[in-house]
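# Tertiary structure, described
What follows is the residue order along each chain.
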Amino acid sequence: HRLMFFEGPADVRDTGFLTYDYDDSSRDDDQWLYLPALKKTKRIATADKSGSFMGSDFSYADQTKPDLTDYDYELVKEDEVRGAKVWIVMATPRTQAIIDEYGYTKSALFVRQDNHVVVRAKRWLVDGGREKYMDVVDLRQIDGIWTNLEITMTTKRGKETESKTILKQSEVSYGNALDPDLFTIRRLEKGL
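These lines cover the structure that appears in this document, whether it is placed above or below. Keep in mind the model is a prediction, meaning the values are calculated, not measured. (Residues numbered from 1 in each chain as written. Predicted model: local features only at pLDDT ≥ 70, side-chain atom pairs only at ≥ 80, totals over all residues. Heavy atoms only, no water.)

### Quick notes on the sheet that holds strand 1 (residues 2-5)
Definition in use: A pair of strands is considered paired only if DSSP assigns at least 2 bridges between the two. Secondary structure elements follow DSSP: runs of H or I no shorter than four residues count as helices, runs of E no shorter than two count as strands, and numbering proceeds from the N terminus. Axis definition: a line fit to C-alpha positions, over the contact stretch in the case of helices; interaxial angles, taken between N-to-C directions, run 0 to 180 degrees.
In space, the four strands of this open sheet follow the order 1-2-3-4, with antiparallel pairing throughout. Either end of the sheet is taken by a strand with one partner, and the two such strands are strand 1 and strand 4 (40-43). With direction set aside, neighbouring strand axes in the sheet form an average angle of 15°. Summarising the sheet, strand 3 (residues 30-35) and strand 4 pair through four bridges and their orientation is antiparallel. Among the inter-strand pairings, Leu33 is bridged to a residue of strand 4, identified as Lys42.

### Let's talk about the side chain of Thr19
For clarity, the threshold we go by: Throughout, exposure labels follow a simple rule: accessible area from a 1.4 Å probe, protein chains only, divided by the maximum for the residue type, with under 20% read as buried, over 50% as exposed, and the rest as partly exposed. Contacts are assigned to residue pairs that have any heavy atoms within 4.5 Å of one another.
Relative to the helices and strands, Thr19 is located in strand 2 (residues 16-20). Accessibility expressed as a relative area gives 2% for Thr19, which makes it buried. Once residues within four sequence positions are removed from consideration, Thr19 is found in contact with His1, Arg2, Asp30, Gln31, Gln63 and Thr64.

### What about the sheet that holds strand 10 (residues 145-157)?
Taken in spatial order, the seven strands make up an open sheet running 5-6-7-8-9-10-11, and their pairing is antiparallel. Looking at which strands have only one partner, the edges of the open sheet turn out to be strand 5 (71-81) and strand 11 (160-168). Taken over all neighbouring pairs, the strand axes of this sheet differ in orientation by 20° on average, direction set aside. Where strand 10 lies against strand 11, eight bridges are found, and the strand directions are antiparallel. When the sheet's bridge partners are listed, Met153 is paired in strand 11 with Thr165.

### Topic: the pairing of strand 10
Relative to strand 10, strand 9 (residues 131-142) is paired through eleven bridges, and the arrangement is antiparallel. Bridging across to strand 10, Ile142 finds its partner in Ile145. Counting the residues in the hairpin turn of strand 9 and strand 10 gives two residues, including Asp143, whose phi is positive at 50°. The loop that links strand 10 with its antiparallel partner strand 11 comprises two residues; one of these, Gly158, has a positive phi angle of about 65°.

### Thoughts on the pattern of salt bridges
Think of it this way: side chains of opposite charge can pair up when their charged atoms draw near. Worth spelling out the cut-off: One side-chain nitrogen of Lys or Arg within 4 Å of one carboxyl oxygen of Asp or Glu is enough to make a salt bridge.
If you walk through the whole model with that rule in mind, you get nine salt bridges. Linking Asp135 and Arg120 is a salt bridge whose minimum nitrogen-to-oxygen distance equals 3.3 Å. Residue Asp135 is located in strand 9, and its partner Arg120 is located in strand 8 (residues 118-125); the two are separated by 15 residues in the primary sequence. Take Asp135: its relative accessible area is 15%, and that puts it in the buried class. By relative accessible area, Arg120 is classed as partly exposed at 28%.

Following this line, the structure appears as structure tokens:
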């Protein structure tokens, strides 16, 4: 379960996003978006998960863990990202349903060899003319868990950058005893 509230920019301040990311691959993940200006909560349907998350370069599907069994993998080569050795792995969706849900026809994943974290990715969009480039700018170990504190997503058409989103997290901690009632639609609508 994950609950996030946006502090900025001003036009999305206090917007909330709640995700139930299930380990059971037969269950679709559940996502809800609270829009404070409308005082309404919208459930994100599976068919809408390839859409833009909060008007950003990220999709709603990017906010959940993909089921690894939904893809075929091919090790392409080894390289380096920010001085760390990585494997470059091509991930191809096994079904049209997965392509439709995530909006990507294939992905090149740059997986760090020392901690197995994807620190960079190139994703080919269904529309055929555009790609998305994900880059983990700030990766730190917090309480023994590798955590993305700053991640960018850039949308390009050829070499032309169409847009770029920077997503930052702060004050991250793990192992806290949290009340399950914190991860409810009612709590989402109450805000911070």
